[in-house]
Amino acid sequence: MSYPKVDIKYKQIFNHLPGKYLILDTDLHIVAASDSYLSATFTKRSEILNQYIFDVFPDNPAAPEARATEKLYESLKTVLTTRKAHDMDIQHYDIPKRVGDSSSFETRYWCPSNTPVLDEAGNVEYIIHSVDDVTEEVLTRKEIVRKDDHITVITQKQTEASEALGAMDKRLRLITDIIPALVAYIDKDHRYRFVNESYSRNFKISQEEILGKKVEDFLKPYLTQDISKNIEAVLKGQIQSFEIKIKLHKSTEQHLEVIYLPDISDEGKVIGFVSMIMDVTDKVKYYDELTKLTQEKEQLILQKDEFIEMASHELKTPLTTIKAYVELMLLDIEELDRNTLQNYLGKTNSYINQLHRLITGLFDVSTANTGRLPYNFSYFNLADAIETCCSNAMNISKKHKIDCQYTLKDKMYGDKERLEQVIESLLNNAIKYSPDRNDILLKAEEINDEVLITVKDRGIGIPDEELENIFKRFSRAHALSYHNSGLGLGLYLSREIVHRHRGKIWAESEIGKGSTFFVKLPAKPAVR
Ligand code: ADP
């Protein structure tokens, strides 16, 4: 079968090809261009035909780095010399817009290839220059790269920010570590998120161990009170300030001042709280001691006032009596018989002795206070001293019966007069504070190398809580109005003297049944 001969219009077909083609002669003049090429390059066939390709498509002066014309020239040269097709890399070649402002270019990326058309002798007759417009793909890829770069920048910024935060965190830790408080951050689920050095040191727990633990669970073994209400309140946004006591690791109790500060987010929600704990144990102890001292001082002032009142009374009584006797004697000096005079003078003398004892006592107290009470140590017979004291005591009260029992072999070493002063004080008190009973027992015995002296009465007794106090200065266990004179100095001085002899003095007593005073002395005490 034969086909009718058709006159094919190659030129027209070429012009309508969908691809973008130029046909160049070997001088690189444009001899044909497809419609698609023309529209992609904003050119008209009439303008470019027979033109030198590089006159028509110059480089974009705004993108000289592209070197597109140079590369195309090289490729075309390669084709001419090798007579083989040459594919070029993607080229950035901007197209002159050629409308209005001729200096403006439109960005374009091309994938060109140059294919030789050879004559029968194998020489290059034409070059088909074809291009694929890959602008969109390149720009998309560029955009992706740009976004990638942007992401890289953001990531870098984030890294820098987190490094800065890390540094800040470090600084904050440093600050919280040096402040003398236990600092912790607790989240809204009551779990530790941060504790400073002092916190972990105080509770003897490492940071790793405590983080994530619930605050109530962790503190429970140490606390003596419930803090859950405070935690709930701070998580509602209320600042909490309270005191707690804790017992750590069997050590003594710690007194803590606690402040909870809510951490409120930008949205106004409480997301956790800061706990600041200050150990105020020493402060509390100091204040307790201060209060005690103040109370003691007030007590002393009170005792001093009472003392002045009593001292005036004590001094005035014998003085008034002395004055009365002296006046009496002056009045009747001519009439008085010898016996009466002797009686008056005897009475006056005994009151003068009483005054003397009182004044000496006062003097002793003031010197004892400064540790300058004079002593005169020597070997002496304690039995003799006891005898003297008993007979003196019996002179004071005819009504009382003093049973003196002693079994003492050796002489003892000490200040005889001072020890007599002690025994006399105890006997005088036994008499003074036994108004309704008359039997008093004084016992002295040697036990090993010690001498134990006991003075027992069956008098009014001393309240338990006063047993220690009665040995303090100006201390009187019974109300002023009760009865009996006294300055509250006898037992204070006695304790001073006994201590100086390296001995001990104490009392046992039962209200309404009587008291027993004990003095234990080394038989041969070393002088202090
Ligand atoms: P005072 O001069 O007041 O007797 P003291 O120092 O000798 O001073 O005694 C202190 C206080 O101890 C007395 O005021 C009294 O309250 C109490 N006291 C001392 N001895 C006795 C005792 N034998 N029986 C009861 N109370 C006593």
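Below or above, wherever it landed, is the structure these notes cover. Since we're looking at a predicted model, the values are computed, not measured.

Rules behind the numbers
- Residues numbered from 1 in each chain as written.
- Predicted model: local features only at pLDDT ≥ 70, side-chain atom pairs only at ≥ 80, totals over all residues.
- Heavy atoms only, no water.
- Patch = residues over 30% accessible without salt bridge, like charges linked within 9 Å, V, L, I, M, F, W, Y side chains within 5 Å.
- Areas by Shrake-Rupley, 256 points an atom, 1.4 Å probe, with all protein chains shown as cover.
- Salt bridge = Lys/Arg side-chain N within 4 Å of Asp/Glu carboxyl O.
- Helix = DSSP H or I, 4+ residues; strand = E, 2+ residues; numbered from the N terminus.
- Buried < 20%, exposed > 50% of the residue type's maximum accessible area, 1.4 Å probe, protein only.
- Pairing = 2+ DSSP bridges.
- Axes fitted to C-alpha atoms, helices over the stretch in contact; angles between N-to-C directions.
- Contact = heavy atoms within 4.5 Å.
- Left-handed = near helix turned anticlockwise from the far one by under 90°.
- Nonpolar A, V, L, I, M, F, W, Y, C, P; charged D, E, K, R; others polar.
- Parallel < 35°, antiparallel > 145°, perpendicular 65-115°, else oblique.
- Disulfide = S-S within 2.5 Å.
- Expected span 1.5 Å × (residues − 1).
- Arc of directions from axis to C-beta.

1. Topic: a nonpolar patch on the surface
Together, Ile8, Tyr10, Ile13 and Leu17 make up an exposed nonpolar region whose accessible area comes to about 400 Å². In this fold, Ile13 is placed in helix 1 (residues 10-16). Classification of Ile13 by relative accessible area gives partly exposed; the value is 46%.

2. Observations concerning the sheet that holds strand 12 (residues 253-264)
Strand order in the open sheet made by the five strands is 10-9-13-12-11, with antiparallel pairing throughout. Edge positions in the open sheet fall to strand 10 (192-195) and strand 11 (240-247), since each of these has one partner strand only. On average, each strand axis in the sheet is tilted by 25° relative to the strand beside it, whichever way the strands run. In the sheet, strand 11 pairs with strand 12 via eight bridges, with the strands oriented antiparallel. Bridge pairing in strand 12 places Ser241 opposite Ile259. Together, strand 12 and strand 13 (270-279) form the strand contacts of helix 11 (residues 281-331), whose direction differs from that of strand 12 by roughly 130°.

3. Considerations on the sheet that holds strand 18 (residues 450-456)
Pairing is mixed across the open sheet formed by five strands, whose spatial order is 15-17-18-20-19. Looking at which strands have only one partner, the edges of the open sheet turn out to be strand 15 (401-407) and strand 19 (504-510). Neighbour-to-neighbour, the strand axes of this sheet turn through a mean angle of 10°, independent of strand direction. Relative to strand 20 (residues 514-522), strand 18 runs antiparallel, the two sharing seven bridges. Each bridged residue has a counterpart across the sheet, and for Thr454 the counterpart in strand 20 is Phe518. Those strands touched by helix 13 (residues 382-396) are strand 15, strand 17 (439-447) and strand 18, and its axis lies near 180° from that of strand 15.

4. A word on the pairing of strand 9 (residues 182-187)
In terms of burial, strand 9 is a largely internal element, five of the six residues being buried. In terms of strand pairing, strand 9 meets strand 13 through six bridges, oriented antiparallel. If you follow Ala184 over to strand 13, its bridge partner there is Ser275. In this sheet, strand 10 lies alongside strand 9 in antiparallel orientation, the contact comprising three bridges. The partner of Tyr185 across the bridge, within strand 10, is Phe194.

5. Section: the packing of helix 14 (residues 416-432) against helix 15 (residues 490-500)
Two elements in contact, helix 14 and helix 15, have axes whose closest approach is 9 Å; the angle formed by their N-to-C orientations is 145°. For the pair helix 14 and helix 15, the crossing hand works out as left-handed. Seen from helix 14, the contacting residues are Arg418, Leu419, Gln421, Val422, Ser425, Leu426 and Asn429; seen from helix 15, they are Gly490, Leu491, Leu493, Ser494, Ile497 and Val498. Considering only residue class, the contact of helix 14 with helix 15 consists of seven nonpolar, five polar and one charged.

6. Some words on the packing of helix 11 against helix 12 (residues 338-369)
Interaxial distance between helix 11 and helix 12 falls to 9 Å at its minimum, and their mutual angle equals 160°. One way to sum up the angle between helix 11 and helix 12 is to call them roughly antiparallel. The element helix 11 and its partner helix 12 pack so that their crossing is left-handed. Taken together, the residues of helix 12 that come into contact with helix 11 (itself represented by Phe307, Glu314, Leu315, Pro318, Leu319, Thr321, Ile322, Tyr325, Val326, Leu328 and Met329) are Leu341, Tyr344, Leu345, Lys347, Thr348, Tyr351, Ile352, Gln354, Leu355, Leu358, Ile359 and Leu362. By residue class, the composition of the contact of helix 11 with helix 12 is 18 nonpolar, three polar and two charged.

7. Some words on the state of the cysteines
The tally for this structure, following the rule as stated, stands at one disulfide. Sulfur-sulfur distance for the disulfide between Cys390 and Cys404 comes to 1.7 Å. Of the two residues, Cys390 is situated in helix 13 and Cys404 in strand 15; the sequence distance between them amounts to 14 residues. Cys390 gets classed as buried once you look at its relative accessible area, which sits at 2%. Note on Cys389: no disulfide assigned, nearest cysteine sulfur contributed by Cys390 at a separation of 7.0 Å.

8. Topic: unusual backbone geometry
Residue Leu28 is not a glycine yet carries a positive backbone phi of 65°. Counting through the fold element by element, Leu28 comes out in the loop between strand 1 (20-25) and strand 2 (30-33). You can call Leu28 buried: its relative accessible area is 6%. Of note in this structure, Asn448 is not a glycine but carries a positive phi near 55°. Along the chain, the position of Asn448 falls in the loop between strand 17 and strand 18.

9. Let's talk about the side chain of Thr348
Topologically, Thr348 is positioned in helix 12. If we skip the residues at most four places from it in the chain, Thr348 touches Ile322, Tyr325, Val326 and Met329.

10. Some words on the pattern of salt bridges
Scanning the entire structure with this criterion turns up 15 salt bridges. Where Glu257 meets Lys283, a salt bridge forms, and the shortest distance between an N and an O atom there is 3.7 Å. Residue Glu257 is found in strand 12, and its partner Lys283 is found in helix 11; the two are separated by 26 residues along the sequence. Lys283 gets classed as partly exposed once you look at its relative accessible area, which sits at 42%. Asp439 is the partner of Arg437 in a salt bridge, and the nearest nitrogen-oxygen pair spans 4.0 Å. Judged by its relative accessible area of 27%, Asp439 is partly exposed. A single salt-bridge network, built from bridges that share partners, covers Glu106, Arg108 and Asp133.

11. Re helix 5 (residues 68-82)
For helix 5, which comprises 15 residues, the first-to-last C-alpha distance of 21 Å matches the rise-based estimate of 21 Å (1.5 Å per residue) to within 8%. When we look at burial in helix 5, the residues that qualify are Ala68, Thr69, Leu72, Ser75, Leu76 and Val79. Buried residues of helix 5 fall within an arc of 125° about the axis and therefore sit on the same side. Contacts from the buried residues of helix 5 go to strand 1, helix 4 (53-56), strand 3 (86-87), strand 4 (91-92), strand 7 (109-118) and strand 8 (124-133).

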